[in-house]
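Structure assessment
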Amino acid sequence: MEVPTRRKPLIYWLCLFVIVNVFVQFGNAFYLPGSYMHTYSNGDQIYAKVNSLTSIETELPFSYYSLPYCKPLGGIKKSAENLGELLRGDQIDNSPYLFRMNVNQSIYLCITTPLNEHEAELLKQRTRDLYQVNMILDNLPVMRFANQNGVKIQWTGFPVGYTPPDGSSDYIINHLKFTILVHEYEGNGVEIIGTGEEGMGVISEADRKKVSGYEIVGFQVVPCSVKRDPEVMTKLHMYDNISVTNCPSELDKYQPIREKERISFTYEVEFVKSDIRWPSRWDAYLKMEGSRVHWFSILNSLMVIFFLAGIVFVIFLRTVRRDLTRYEELDKEAQAQMNEELSGWKLVVGDVFREPDHPKLICVMVGDGVQILGMSAVTIVFAALGFMSPASRGMLLTGMIILYLFLGIAAGYVSVRLWRTIKGTSEGWRSISWLSACFFPGIAFIILTALNFLLWGSKSTGAIPISLYFELLFLWFCISVPLTLIGGFMGTKAPQIEYPVRTNQIPREIPARKYPSWLLVLGAGTLPFGTLFIELFFILSSIWLGRFYYVFGFLLVVLLLLVIVCAEVSVVLTYMHLCVEDWRWWWKSFFASGSVALYVFLYSINYLVFDLQSLSGPISAILYLGYSLLMAIAIMLATGTIGFLMSFYFVHYLFSSVKID
């Protein structure tokens, strides 16, 4: 008899497709600095690409071709984008800007049709909102230099237009003077293994002869506004040569943005030989500013750590050891008599491991905290080792998402094992695993969906496409949820953590206090925040001001110091609560270190008010606060988990030394 085969459901194939697609994107994003280069011969054609228009005033990215710019002859073609680029709002398209290696040229591109009212108003609005054009050549973003108060400042991108201080009119940037730095490279038959934009690959024997040539090691621009005669420009064709143009200094020679005005777009290119080698070409973008400030932050954190370590040392070696020694040297009758006279942590022996309020919630939050902390630590370590180059846009975010998905197994394991410890049974582990898989991702999904509606309404490229929404949902339910359930099942099989003391049936009354204990818990968050806030400034600047952040070595040190401070703060606060006979330490130990998130969010608001003064419009402010809230929640879960686990170990160790009949 033939046995019928079961057809795999459609959801199986959809999940498989999404998983493979994400891994292909992740593989395309992988880039090891210094391992891949592209060499060009004299006369080789090189096309520049364009990314989304960005502004530090609105934080709303828009497509380059949403403005009336010249379009490529073959039509607009989008580059393949990885998961991180899509979430960042990047939209990389081809452009008509064409260069020929080592050929200096002055080129005409196109002339627009007369601007209608909508196009003119849109150009004026983008100019006044300080939008920047982000161009890319050989994976290098274009850079421009400006002098402010005698100081030379470098920027990536160039402005859409220029508005003079009196605001009388707006002028468009329509002429670009490019300088391309090239380094002559001799291949010498060296075999190069590449992991560039096109994915992994080895240069074949046939191509090895082509390795010698010129590498692009710099891409600079001087933007100009030049008013040209439309009648003369109309007679030209794209890529016709024109005379070299000097950038005018008088406003009457600038190209104004007006209705029915025709705008000509032109550019020049000059190739300059440079001693910069290919592996060092990103150094100009990644110059570390304020290294002394980073070191000051680390020294400040070390002082806090040594101070707290001294307190912990006193608690362990003087108070606790002395009390335990006195307690254990007495006979049973003397111990009973001493218990009547004692005060402090020794009186809560029968209550210290009593089930906390909302035990399911604390298990889920600790599990998710382990997941977020593991993701952050592994990402920063890889970035510090140089595996996440800024040349691969979006890779950092893509790597974080992939790590978060696979660390679901750790979240399930920790949350279920903690649940078993509290309840003494594995019953209900499936619901704990499901909640762990859905708690933080659910919060993130709600916040991002609400912000996405704002971005959709603004027609910004920062809006997450519907197709990506489905991809993220499939990743969530096809990778993260199953792995969290597997981790939960492993947690049921792990050895149960046994309490060293029995819990009394009747809870002990907690003495009244002059002030709420939660004030002390909230105040404790200032110490971890002190180790974090300087790096937080640089991170916020890189996110919202478009700067590169690549001092991951400092960030790794700060992360280690933050973990130590959170652990020490939580242990000290837990001991202080036990000394005043307050046995409800579970949640307080979590929020003693987790309360740093409150100060992070308040600092984000301070940064918005005093450092992002140029941010305009309620939509931009709501986006900023929404992303800051999501970051604060993630920090709360991660730091709270550190404090809770360390306090649990401390309390378990402390009371395992007490002999109870």
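Throughout this document, residue positions are counted from 1 along each chain, in the order its sequence is written. The model is predicted, so local features are restricted to residues of pLDDT at least 70 and side-chain atom pairs to those at 80 or more, both for listing and for counting; the totals for chains, interfaces and linings are taken over all residues. Hydrogens are left out, water is left out, and the side-chain values use all remaining heavy atoms of the structure.

A short note on the confidence of the model for the protein
- pLDDT expresses, on a scale from 0 to 100, how confident the predictor is about each individual residue. Across the protein, the average pLDDT comes to 81, with 81% of residues at or above 70.
- Contacts are assigned to residue pairs that have any heavy atoms within 4.5 Å of one another. Considering only residues more than four positions removed or in separate chains, one finds that residues 1–35, a stretch of pLDDT under 50, has 56 contacts.
- Within the model, the stretch residues 338–343 combines pLDDT values under 50 with eight contacts to residues more than four positions away or in other chains.

Comments concerning a nonpolar patch on the surface
- Residues enter patches when their relative accessible area tops 30% and they take part in no salt bridge; the joining distance is 9 Å for like charges and 5 Å for the nonpolar side chains Val, Leu, Ile, Met, Phe, Trp and Tyr. In these tables, accessible area is a Shrake-Rupley quantity obtained with a 1.4 Å probe, and a residue counts as shielded only by the protein chains included in the view. Think of a salt bridge as a Lys or Arg side-chain nitrogen and an Asp or Glu carboxyl oxygen that are within 4 Å of each other. Together, Leu522, Leu598, Leu602, Ile605, Val609, Phe610 and Leu625 give the surface a local cluster of nonpolar side chains, amounting to about 580 Å² of exposed area.
- With five residues, the top contributor of residues to the nonpolar patch is helix H17 (residues 596–610).
- By the element assignment, Leu625 lies in helix H18 (residues 618–656).
- Accessibility here uses a 1.4 Å probe with only protein chains present; expressed as a share of the type maximum, an area under 20% marks a residue as buried, one over 50% as exposed, and anything in between as partly exposed. Exposure remark for Leu625: the relative accessible area of 31% places this residue in the partly exposed category. A helix here means a DSSP run of H or I that spans at least four residues, while a strand means a run of E at least two residues long, and both kinds are numbered starting from the N terminus.

Structural notes on the packing of helix H8 (residues 359–384) against H18
- Note on method: axes are straight lines fitted to C-alpha atoms, helices fitted across the in-contact stretch only, with angles between N-to-C directions ranging 0 to 180 degrees. One way to put it is that H8 packs onto H18 with a least axis distance of 8 Å and a crossing angle of 105°. One way to sum up the angle between H8 and H18 is to call them roughly perpendicular. Contacts between H8 and H18 involve Ile362, Met365, Val366, Asp368, Gly369, Val370, Ile372 and Leu373 from the former and Ala634, Met636, Leu637, Ala638, Thr641, Ile642, Phe644 and Leu645 from the latter.
- Here the residues of the contact of H8 with H18 are counted per class, giving 13 nonpolar, two polar and one charged. Any angle from 65 to 115 degrees is called roughly perpendicular, while one under 35 is roughly parallel, one over 145 is roughly antiparallel, and all others are oblique. By the convention adopted, Pro, Cys, Tyr, Trp, Phe, Met, Ile, Leu, Val and Ala count as nonpolar, Lys, Arg, Asp and Glu as charged, and the other residues, Gly among them, as polar.

Quick look at the sheet that holds strand S2 (residues 45–50)
- Pairing is antiparallel across the open sheet formed by four strands, whose spatial order is S3-S2-S6-S7. Each end of this open sheet is capped by a strand with a single partner; those strands are strand S3 (93–100) and strand S7 (140–141).
- Following DSSP output, two strands are said to pair if at least two bridges run between them. When S2 meets strand S6 (residues 135–137), the two strands line up antiparallel, connected through two bridges. The partner of Val50 across the bridge, within S6, is Met135.

A word on helix H15 (residues 552–579)
- Given a helix with a known number of residues, its expected span is that number minus one, times 1.5 Å. In a regular helix each residue adds 1.5 Å, so 28 residues correspond to 40 Å; H15 covers 40 Å between its end C-alpha atoms and thus fits that length.
- Among the 28 residues of H15, 20 are classified as buried, and the element is accordingly described as predominantly covered.
- At the exit of H15 stands Glu581, carrying a positive phi of roughly 65°.

A word on unusual backbone geometry
- Unusually for a residue other than glycine, Leu130 sits at a positive phi of about 60°.
- Note on placement: Leu130 falls in the loop between helix H3 (117–128) and strand S5 (132–133).
- Positive phi values are uncommon outside glycine, yet Asn139 reaches one of about 70°.
- Along the chain, the position of Asn139 falls in the loop between S6 and S7.
- Among the residues examined, Asn139 registers a relative accessible area of 7% and is labelled buried.

Concerning the state of the cysteines
- Cysteine sulfur atoms that pair up within 2.5 Å are treated as a disulfide. Applying the stated criterion across every chain, the model contains two disulfides.
- Residue pairing for Cys70: its cysteine sulfur links by disulfide to Cys110, the two sulfurs lying 1.8 Å apart. Across the S-S bond of Cys70 and Cys110 the torsion is about -85°, and the bridge reads as left-handed. On the criterion of sequence distance, the pair formed by Cys70 in the loop between S2 and helix H2 (83–88) and Cys110 in strand S4 (residues 105–111) is long-range, its members being 40 residues apart. Of the two residues, Cys70 and Cys110, both sit in the buried class.

Some thoughts on the packing of aromatic side chains
- Two aromatic rings from Phe, Tyr or Trp, using only the six-membered ring of Trp, form a pair when their centres are within 6.5 Å; if the ring planes differ by under 30 degrees the pair is stacked, by over 60 it is edge-to-face, and anything between is tilted. Counted by the stated rule, this structure contains 41 aromatic pairs.
- Ring geometry for Tyr171 and Tyr254: centres 5.5 Å apart, planes at 90°, overall edge-to-face. In this pair, Tyr171 sits in strand S12 (residues 171–172) while Tyr254 sits in the loop between helix H5 (230–234) and strand S17 (264–273), placing the two residues 83 residues apart along the sequence.
- On the numbers, 5.9 Å between centres and 70° between planes, the contact of Phe537 with Tyr607 is edge-to-face. With Phe537 in helix H14 (residues 526–544) and Tyr607 in helix H17, this pair connects stretches of sequence that are 70 residues apart.
- Here, over-ring charges are defined by two tests on the NZ atom of lysine or the CZ atom of arginine: distance to the ring centre within 6 Å, and angle to the ring normal within 35 degrees. Looking at Arg126, its charged tip hangs above the ring of Tyr131, at a distance of 5.3 Å from the centre.
- Positioned over the ring face of Trp583 is Arg354, at 5.7 Å from the centre of the ring.

A word on the pairing of strand S13 (residues 175–185)
- In terms of burial, S13 is largely enclosed, as nine of its eleven residues are buried.
- As paired strands, S13 and strand S16 (residues 213–224) are joined by eleven bridges and run antiparallel to one another. Bridging from a neighbouring strand, Thr179 pairs with Gln220 of S16.
- In the sheet, S13 pairs with S17 via eight bridges, with the strands oriented parallel. Each residue of the ladder has a partner; that of Lys177, found in S17, is Glu268.

Things to note about the nonpolar core
- Grouped together as the largest cluster of nonpolar side chains are 144 residues, with contacts concentrated most on Tyr97, Phe99, Met135, Phe178 and Phe655.
- With 17 residues, the top contributor of residues to this core is H18.
- For Phe178, the residues in contact, after removing those within four places along its chain, are Tyr97, Phe99, Met135, Val142, Phe219, Gln220, Val221, Tyr267, Glu268, Val269 and Glu270.
- Grouped together as the second largest cluster of nonpolar side chains are nine residues, Leu83, Ile464, Tyr469 and Ile479 included. The definition of a nonpolar core used throughout is a set of buried Ala, Val, Leu, Ile, Met, Phe, Trp, Tyr and Cys residues joined through side-chain atoms within 4.5 Å.

Re H17
- In this model H17 runs 21 Å from its N-terminal to its C-terminal C-alpha over 15 residues, within 8% of the 21 Å that 1.5 Å per residue would give.
- Buried within H17 we find Val596, Ala597, Tyr599, Val600, Tyr603, Ser604, Tyr607 and Leu608.
- On its buried face, H17 sits against helix H13 (517–524), H14, helix H16 (586–594) and H18.

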